[in-house]
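Commentary on secondary and tertiary structure
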Amino acid sequence: MGILFNGNFDYMDTPQVAQVFKQANTSGSYAVVANGGRWGGRYLNMPLIGTGIGCACPQYGNLATVGCSIAMKIVSFLAGSNIIIFRDETAATNQFDLRLDTLNRFYFTRSTGAVTILGPSVQQFRANTWYMIEILGTVNNAAGSLELRIDGEVILTGTGLNTRSSANSWSNVVFARCPPTSHNLNIGDFLVWDTTGAVNNTFVGDHRLRTVMPSGAGDLSGFTPSAGANWQNVDEIPPNGDTDYNSAAAAGVSDLFTFPDISETNPGILNCVNLIPNAREEGATGDTVQPFIRSGATDQLGAAVAMTTSFVSNQQTFPADPNTSAPWTMPNVNAAQFGYKRAA
């Protein structure tokens, strides 16, 4: 499997957070901030009140071994409070979590902080600094394991641990959390992965999600634009709802778009491509939409997503180029077209 979820906030405003990060907790408030993120763009701020955010973790089911890579800047915190949780949602129980102590050191606990299972670290956290925090954890009551890396450096590692707090040897939610009156956190890129498959099955290290929007018409323009060209109605950050849009009266039509080339001095490894259609239906008629990729002579459709009468963003991840069945390369990403299809 490899990558289970891969998201950031570059393309969204606050209303989209709970759509893409399905486990978002609305017990408090959070907001997408337009500037000042890890790469200068958007990020999610969770202030000093009861709030939190988690990725769409139920999508990957119950897994014993899961990893996460989360870009995080901790502005302020309360020592002893958790910041990243691996949770068994079926039992409403946190299996294990990452915390900071009074000396700004990282450590792991289980049973909601009652038992320290690994740490503290030698390294001390610095406030107001962006970190890429990566955790690989196995849930087990005797053979559990944990590894913490910060910006690619191994900080804590341990085996033969009791990492289980529920009766189940799995987690199904990874949660970056701001506990009540404890922290002020900023969150950027948010990646969840497992150790299966041939690619993207281990720590990714320092990485960046690049967001690009359509810049021209592709091979297909089957939807009807409300104004102008189809691509001009889907190029906004954040999405602008019914201000301008493309519509399809019947199933089977598609739009494809070209995108600006992504140019990096040192592109490194391309882990995946994410597509995030933002769509709604006119009436409760069971309409569905699919992400659509055309790479070379090969087309690939993502899973059909049911729509509602309100705009919803739904993200899907594509780790391989459908034209080569190999990991994406920068030239192939830049040459491909991406869009959507009304499936039903």
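Our subject is the structure that appears above.
So, a few notes on the structure that sits alongside this text. Predicted, not measured: the structure shown is a model, and the values here were computed from it.

What counts, and at which threshold
- Residues numbered from 1 in each chain as written.
- Predicted model: local features only at pLDDT ≥ 70, side-chain atom pairs only at ≥ 80, totals over all residues.
- Heavy atoms only, no water.
- Core = buried A, V, L, I, M, F, W, Y, C linked by side-chain atoms within 4.5 Å.
- Buried < 20%, exposed > 50% of the residue type's maximum accessible area, 1.4 Å probe, protein only.
- Helix = DSSP H or I, 4+ residues; strand = E, 2+ residues; numbered from the N terminus.
- Contact = heavy atoms within 4.5 Å.
- Salt bridge = Lys/Arg side-chain N within 4 Å of Asp/Glu carboxyl O.
- Polar contact = N/O pair within 3.5 Å; in protein donor to acceptor, adjacent residues only side chain to side chain.
- Phe/Tyr/Trp six-rings, centres within 6.5 Å; stacked < 30°, edge-to-face > 60°.
- Lys NZ or Arg CZ within 6 Å of the ring centre and 35° of its normal.
- Pairing = 2+ DSSP bridges.

Counting 46 residues, the largest nonpolar core has Ile84, Phe108 and Leu148 as the members making the most contacts within it. The element best represented in this core is strand S5 (residues 65-76), accounting for five residues. Leu148 has contacts with Leu98, Phe106, Phe108, Ile133, Glu134, Ile135, Glu153, Val154, Ile155 and Leu156, leaving out every residue within four places of it along the chain.

Residues Gly119 and Pro120 are joined by a peptide bond in cis, for which omega reads 10°. Residues Ile237 and Pro238 are joined by a peptide bond in cis, for which omega reads -5°. Positive phi outside glycine occurs at Asn128, with the angle close to 60°. Mapping Asn128 onto the fold places it in the loop between strand S9 (115-118) and strand S10 (130-138). Of note, the phi angle at Ser325 is positive, near 60°, even though the residue is not glycine.

Before going further, it helps to examine the pattern of salt bridges. What the rule picks out here adds up to ten salt bridges. A salt bridge links Glu89 to Arg87; the nearest nitrogen and oxygen atoms lie 2.9 Å apart. Note that Arg342 is salt-bridged to Asp287, the shortest N-O span being 3.0 Å. Taken together, the residues span a long stretch of sequence, with Arg342 in strand S28 (residues 337-342) and Asp287 in the loop between strand S20 (278-279) and strand S21 (288-295) at a distance of 55 residues. Each of the two residues, Arg342 as well as Asp287, counts as buried. Put simply, Asp219, Arg294 and Asp299 are held in one network by salt bridges that share partners.

Looking at the secondary structure, you find Gln316 in strand S25 (residues 316-318). Its relative accessible area of 13% is what places Gln316 among the buried residues. Among the polar contacts made by the side chain of Gln316, one reaches the main-chain amide nitrogen of Ala303 at a distance of 2.8 Å. Not counting the four nearest positions on each side in its chain, Gln316 is found in contact with Val273, Asn274, Leu275, Pro291, Gly302, Ala303 and Val305.

With that out of the way, let us pick up the packing of aromatic side chains. This model, assessed by the stated rule, comprises 13 aromatic pairs. A ring pair is formed by Phe5 and Phe190, whose centres lie 6.2 Å apart and whose planes are at 85°; its orientation type is edge-to-face. Highlighted residues: Phe5 in strand S1 (residues 3-7) and Phe190 in strand S14 (residues 184-193), separated in sequence by 185 residues. Judged on exposure class, the residue Phe5 and its partner Phe190 are both buried. Sitting over the face of the ring of Phe203, Arg149 holds its NZ or CZ atom 3.9 Å from the ring centroid.

This brings us to the pairing of S21. The buried fraction of S21 amounts to seven of the eight residues, a majority that puts the element mostly inside the structure. Sheet topology note: the S21/S28 ladder contains six bridges and is antiparallel. Looking at S28, one finds that Val289 is bridged to Arg342. Bridge count for S21 against strand S22 (residues 298-301) is four bridges, and the pairing is antiparallel.

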